[in-house]
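# Per-entry structural report
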Amino acid sequence: MIAASPPPQRAPITPVSDDDLPEPHAAVTEAADETEMPLPSDAQTFFLGGLFALGVFAVLYLASAIILPVVLAFVLNLLLQPAVRLLGRVHLPRAVGALLTVLLVIGALVGLVAALSVPAVTWAERLPEGIPRLEAHLQVIRGPIEALQKLIQQAEQVADAPPSKGSMVSVRRDLGLTGALFAGTRSVLDGLFTTVLVLYFLLVAGHIFLRRIVEILPTFSNKRQAVDISQQIQEDISAYLVTITAMNAAVGITTAAAMYLCGLGDPLLWGTTAFLLNYIPILGPFFGICIFVLVGMLSFESLWWALLPPVLYFGIHLVEGETLTPMLLARRFTLNPVLIILSLVFWFWMWGVPGAILAVPMLAILKIISDRLRPLKALGHFLEGE
């Protein structure tokens, strides 16, 4: 006989709650969390964030004499880092390479100012003599020009008049125009010295900041995120600055050649003017057109011939600004054009012309940081263009 084996015992079935069941779309949910752009729902968060932003802007405005040179040094550091790395590849010490780079930049600026000082003074002296010619070209606005001349004469009379005894405001007569110019020159030189000093040490030992930040971050993901943001800022902003500088140099050279061919004197001055104004998007070329309209009317008798320099400049800017530069920067920068204008106006009000030049790089840095920090992804999306 064959003994029958007892039937196998089944494991007891325990009830499983819905929470223990695996979610069928867990991967999709996780991917959605990565692309989610959360907005703070607490009104207190908006209030405190607004107060913090106002405090930061107040400090930036009040301490602009110190903060502006430091910010300018950081941006120039991103522009000149490729040159320092290139010198390092030929086994040149980093300190020596940074010193050579800074000296080359300073030498180029000093030589450019020395070359342009004489023609700039010459055109400034020609401006009062050319007012009758401007009136002949612009008969339509002859009335406003005469009103402007009367206003200037009245201002000169007020400035030359002796101060009244009951005046609450005293003017130091010993300063004069020369003293005012030297006072402004001193502030500019102080800012340039601070910029150069900070720039040199950033080129030499700027990587220490990133290393220390990475060391104090708590988790590995935070360290990796900090390195990723830093590298992205260096790559994108360096590429932006190098591309813009190269395109501005091309605009300057082309403008100088065009002004020489149409008979306008001092082509180096106008090429440099076009080069510098092109660093300010939209507003810079607009002021450039106004300058070339004025210069053309001061230089030529015929109105149509006087409009040739601004037309040539506008055509050069149209080819560069609407075709070449967007094609080169489209992969890296897609910023909202409305926010670019608002940023230009705001930073020009805060810091003047240097603020307008730094507006787009600072806006791009803000977008890079916002795109990689989950609480700020909504802001990064808001800054993005088409």
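A few words now on the overall build of the chain. Helices and strands together make up the secondary structure of the chain, namely 16 helices and 0 strands. Counting every position in the chain, which comprises 386 residues, the buried fraction comes to 28%. A fraction of 71% describes how many contacts in the chain between residues 6 or more apart in sequence connect residues 24 or more apart. As presented, the chain carries roughly 26000 Å² of accessible surface, and 71% of it is formed by carbon and sulfur atoms.

Moving on: the nonpolar core. Counting residues in hydrophobic clusters, the biggest one holds 29 residues, and the most contacted among them are Ile237, Trp347 and Trp351. Counting residues per element, this core draws most heavily on helix H15 (residues 353-372), which supplies 8 residues. Among residues more than four places away in sequence, those in contact with Trp351 are Leu60, Ser64, Ile67, Leu68, Val71 and Met362. In this structure, Trp123, Val251, Met259 and Cys262 belong to the second largest nonpolar core, which totals 18 residues.

All right, on to the environment of Trp270 then. For Trp270, the position within the fold is in helix H10 (residues 267-277). According to the relative accessible area criterion, Trp270 is buried, its value standing at 5%. Through-space distance from the C-alpha of Trp270 to that of Thr255 is 7.0 Å; in sequence the pair is 15 residues apart. Ignoring any residue separated from it by four or fewer positions in sequence, one finds Trp270 in contact with Trp123, Thr255, Met259, Leu264, Gly265, Ile291, Phe292 and Val295.

The next point concerns the packing of aromatic side chains. Applying the stated rule across the entire model yields 11 aromatic pairs. On the numbers, 5.1 Å between centres and 65° between planes, the contact of Phe57 with Phe346 is edge-to-face. Pair noted here: Phe57 is in helix H2 (residues 43-62) and Phe346 is in helix H14 (residues 337-351), with a separation of 289 residues, a long-range link. By relative accessible area, which is 26% here, Phe346 ends up partly exposed. Taken together through their ring pairs, the aromatic side chains of Phe57, Tyr61, Phe346, Trp347, Trp349 and Trp351 make up a single cluster.

Reading guide: rules and limits
All residue numbers refer to position in the chain's written sequence, counted from 1. Local features in this predicted model are restricted to residues of pLDDT 70 or higher, and side-chain atom pairs are both shown and tallied only at a pLDDT of 80 or more, whereas totals for entire chains, interfaces and linings draw on every residue. The side-chain quantities take in all heavy atoms of the structure and omit both hydrogens and water. Numbering goes from the N terminus for both helices and strands, where a helix is a DSSP run of H or I of at least four residues and a strand is a run of E of at least two. Burial classes follow relative accessibility: with a 1.4 Å probe on protein chains only, a residue under 20% of its type's maximum area counts as buried, one over 50% as exposed, and anything between as partly exposed. Any pair of residues with heavy atoms lying within 4.5 Å of one another is described as a contacting pair. Note on areas: these come from Shrake-Rupley sampling with a 1.4 Å probe, and a residue is covered only by the protein chains present in the view. Residues enter a nonpolar core if they are buried and are Ala, Val, Leu, Ile, Met, Phe, Trp, Tyr or Cys, with the set joined through side-chain atoms within 4.5 Å. Only centres within 6.5 Å qualify two rings of Phe, Tyr or Trp (six-membered ring in Trp) as a pair; their planes then separate them into stacked at under 30 degrees, edge-to-face at over 60, and tilted for everything else.

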